[in-house]
Amino acid sequence: MTPLLKILPRRRRFLIVIPVLALLVWALLPPARLNSPSTLLYAIKGSPGKSSDKILRYVDPLIGTVNGGHVFPGATLPYGMAKAVADVDNRGEAAAGFVSDESKIQGFSHLHDSGTGGSPSMGNFPLFVHPGCPEDDFAQCKYTYIGRAVKRIEGSATARPGYFAIGMDNSVYAEMTAAEHTTLYRFSFSKKAEVESHEAMVPTNPLILLDLIDLGNTRTGGDVEVNPQTGRITGNGSFTPSFGTGAYTAHFCADFSGAEIRKTGTFLHTNVTDEVQALGNLGSNFYIPSGSAGAWIHFNRPSKSRIMARVGLSFISVAQACHNAEAEIPDFGFEDVVRAGEKAWKEKLSVITPDYAGMSNEFLTTFWSGLYRALISPQDYTRENPLWKSDEPYYDSFYCIWDSFRAQHPLLTIIDPAVQTKMVRSLIDTYKHEGKLPDCRMSFSKGYTQGGSNADVVLADAFVKNLTDGIDWALGYEAVVSDAEVEPRDWSTSGRGSLESWHNLGYVPYDDIDRNGTGPMSRAISRTVEYAYDDFVIALMARELGHKDDETKYLQRSGNWKNLFNPEQEDKYRDETGELHKSEFKGFMQPRFRNGTWRYQNVRLCSPIYQQHSCYFDTQYETYEGSPWLYTFYVPQDMASLIKALGGRDTFNERLDFFHSSGINYMGNEPNFLSTFQFHYGGRPGRSNYWVHEYVPGQFNASINGIPGNDDCAMGAFTAFAFMGFYPVAGQDVYLLTAPMFRQVSLQTPSGRPAILRNTAGFDAPRYRNIYIQSAKLNGNPYTRNWITHDFFVNGGTLEFVLGSTESDWGTRDEDLPPSLSTGLQK
């Protein structure tokens, strides 16, 4: 070959030598270390996960799959119910099934949540694939979720919209895709007669099992049956939600194609049989205990080295699960389902058109991946609701509204108003049938209420932005008033607690005595400021609906934050070594007794600086997942009054800068998002620009750990807003303007005329030295306000910016600041 190489140009020599060397390396590898026949081609061609599409190629679903991001990276449609991915044995991180680490694969399941905190969620009915069993004996395969776990092939995980794949150390290569209620898998096997699996050589006669378990091992009861002739496995189980109360039942219908069936049977823990084909009520009325239990199929060696598995899902019945599978994926056409998924994602994402000039691949990946994550949940379970009959849409996995109301839902109102309208209708229908709006809801169950009744803000945000299609706003208003006035018996899962004190004292006292309901008697600060804002947005609805007395009442209550503001409280604390730390800032939210006297809470408690992990749902303290430093800033209804209470604009801006620069702020929690942009209220919008560029890409980027906390589908929304150059004040018709990180970004609007934000001068990406707005024009006319209304995103227009390297006087005058209650809420 050497003489031939010498006569070829150098580049062609390289193109020949590399594949040849790769083939030699492949030939020398032990067969058991190969995960798929296509792995070698992938090594030569590069990643198979990249789409050629100008949008989808920049979506990396693996961002946020380590360090608490809990992102679901598998195959799904926008808001899809079916979600297929590999589940791993890292229980502390596997809330969404998969983690980008070295944990072992326990199976491939079909229902998941994305970006959640708390315990692992769903992951029901996983399949697991053995390439064969020792001595070709089905009884010698591993069946329990612990025993069967297998290592992954390092670097083999591939994820893109509508598709996920990974290689396993047992020579099986797993690919998956999804329709609305159905998952589809393509398992590829070695062409060799024997491979290594679980440290034993096994003949390539695959065994596929289906386990009734879920990620949290919460199943009770259930049924499973395998048909020996067709191989169809059907069944169900009841499970508990990961952050709430109650239970739900899920059903499945699994079919297989690609190999002849040798034997079928069932298993219970390590007990395996081919004599019993059904367990539970479908069998001998046997109650299936918790843990691994299910059915299995032992196949002959597949003629094309592949077996397809289709799993239909339903929360209604097995029959509906089978119907969903047969209707959505009738012919096991894997590539067709992948293409349909890609098309669905492209249609959703393409409502935004950014100019790529000057943008790095990393920034494009950060933006598009964030936008993608914002559309994973809530999930469309319409026609799958077993709790009540209704013609209204039903969405689930509002997990949790405390997280999503701040950024995700306002984003959907702009880029997908039809779906956001359906979500609002679903929330109102939930109130109609369950008596309260949810603050958190997953798996048809009531999730825990973390602060205020924040579905009120979701409804108010939709109302003030004129979402109307099919929404019963009279019923919607009834729902939010119920939150404000009627305390439920259990306010840990819906509504508000301490309402008697709230109505009579104007705050939630530290020592409240609540005789009307039960819930965690803590979080008095965070509940007070959130109740105040919830009442404010109810007042906005009351104003437009003509309820003048209600408007007056709720506007008055919206000022109750003042009742927990202690103007004398200093910022000082002793660390674990006893050293005293303090700043010059004074005046913070503090707990208060019923008699009006103050109780002390360290103002940095529950921040990264001091006992950060002390303020979760079971906290004994008065703030939830944040410090008094943070919650002192949460007065979006009247920032002008807050700024005055904190000593005026200069002191406020210095204080807000200190919050961001001192380590007290934690961007891994959604309440911290708005504080990034609150310099607008202090007349320094340029400082908001500065901190946006500190956090992107400092904490929001394209790395695997490219988000600072669990995603909640809200981290992605924050990222999208940061790139596009505006951020919502949820519940109000207000968007705070920053310089777009693109030269131009265009958004589709209901009117057909695009909303365009354009940097006309000074744009210098990727250096980003010119990040400060010097001047702006709206539709050709000078525009000095540092905020804009939703009309821009409904009727379209062009907003143009001139950028510079230093802050300017743009957006700094009193008349240019966002509205506040004390300044008249003018527009």
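Residues numbered from 1 in each chain as written. Predicted model: local features only at pLDDT ≥ 70, side-chain atom pairs only at ≥ 80, totals over all residues. Heavy atoms only, no water.

### Concerning the sheet that holds strand β11 (residues 220-226)
Paired through their backbone hydrogen bonds, the strands of a sheet run either parallel or antiparallel. Pairing is antiparallel in the open sheet, where 9 strands are placed in the order β4-β5-β6-β7-β19-β14-β12-β11-β17. One side of each edge strand has no neighbouring strand; the edge strands of this open sheet are β4 (158-160) and β17 (278-279). In the sheet, strand β6 (residues 173-178) pairs with strand β7 (residues 182-188) via 6 bridges, with the strands oriented antiparallel. When the sheet's bridge partners are listed, T177 is paired in β7 with L184. Helix-sheet contacts for helix α4 (residues 318-328) involve β7, β12 (233-239), β14 (248-257) and β19 (306-314), and the interaxial angle to β19 is about 130°. Sheet strands touched by helix α5 (residues 334-349): β4, β5 (163-167), β6, β7 and β19. Its angle to β6, the strand with the most contacts, is close to 50°. (Pairing = 2+ DSSP bridges. Helix = DSSP H or I, 4+ residues; strand = E, 2+ residues; numbered from the N terminus. Contact = heavy atoms within 4.5 Å. Axes fitted to C-alpha atoms, helices over the stretch in contact; angles between N-to-C directions.)

### Concerning the environment of W691
Structurally, W691 can be placed in helix α18 (residues 685-698). By relative accessible area, which is 6% here, W691 ends up buried. For the pair W691 and V59, spaced 632 residues apart in sequence, the C-alpha to C-alpha distance is 25 Å. In this structure, W691 is in contact with D657, H660, S661, T676 and F679, ignoring residues within four places of it in sequence. (Buried < 20%, exposed > 50% of the residue type's maximum accessible area, 1.4 Å probe, protein only.)

### Brief notes about the sheet that holds strand β27 (residues 726-728)
Taking strand neighbours across the sheet as the criterion, the 3 strands line up as β27-β28-β33 in an open arrangement whose pairing is antiparallel. Strands with a single pairing partner mark the edges of an open sheet, and in this sheet they are β27 and β33 (787-788). The pairing of strand β28 (residues 735-737) with β33 spans 2 bridges and is antiparallel. Bridge assignment links Y735 to a residue of β33, and that residue is I788.

### Concerning the packing of helix α10 (residues 455-464) against helix α11 (residues 473-485)
It is at 10 Å that the axes of α10 and α11 come closest, and there the two elements cross at 145°. Both α10 and α11 take part in a crossing whose hand is left-handed. Facing α10, whose interface residues are D456, L459, A462 and F463, α11 presents W473, G476, V480 and D483. (Left-handed = near helix turned anticlockwise from the far one by under 90°.)

### Focus on the confidence of the model for the protein
Taken over all residues, the pLDDT of the protein has a mean of 93, while the share at 70 or more is 94%. Throughout residues 1-47 the model reports pLDDT below 50, and contacts reaching past four residues in sequence, or to other chains, amount to 37 contacts. (pLDDT = per-residue confidence, 0-100.)

### Things to note about the pattern of salt bridges
Under the defined criterion, the tally for this structure stands at 34 salt bridges. Here R339 makes a salt bridge to D336, at a shortest N to O gap of 2.5 Å. You can see R339 and its partner D336 sitting in helix α5, 3 residues apart, about one turn around the helix. Of the residues examined, R339 reaches a relative accessible area of 48% and is grouped as partly exposed. (Salt bridge = Lys/Arg side-chain N within 4 Å of Asp/Glu carboxyl O.)

### Here's the deal with the packing of aromatic side chains
Per the counting criterion, the structure on display carries 57 aromatic pairs. Here the aromatic rings of W345 and Y372 are separated by 4.3 Å at their centres, their planes lie at 45°, and the arrangement is tilted. With a gap of 27 residues between them, W345 in helix α5 and Y372 in helix α6 (residues 361-373) connect regions that are remote in the sequence. Comparing W345 with Y372, the two get one shared label, buried. (Phe/Tyr/Trp six-rings, centres within 6.5 Å; stacked < 30°, edge-to-face > 60°.)

### Some thoughts on the pairing of strand β15 (residues 261-268)
As defined by bridge partners, β15 adjoins strand β18 (residues 293-299) across 7 bridges and the pair is classed as antiparallel. The partner of T266 across the bridge, within β18, is A295.

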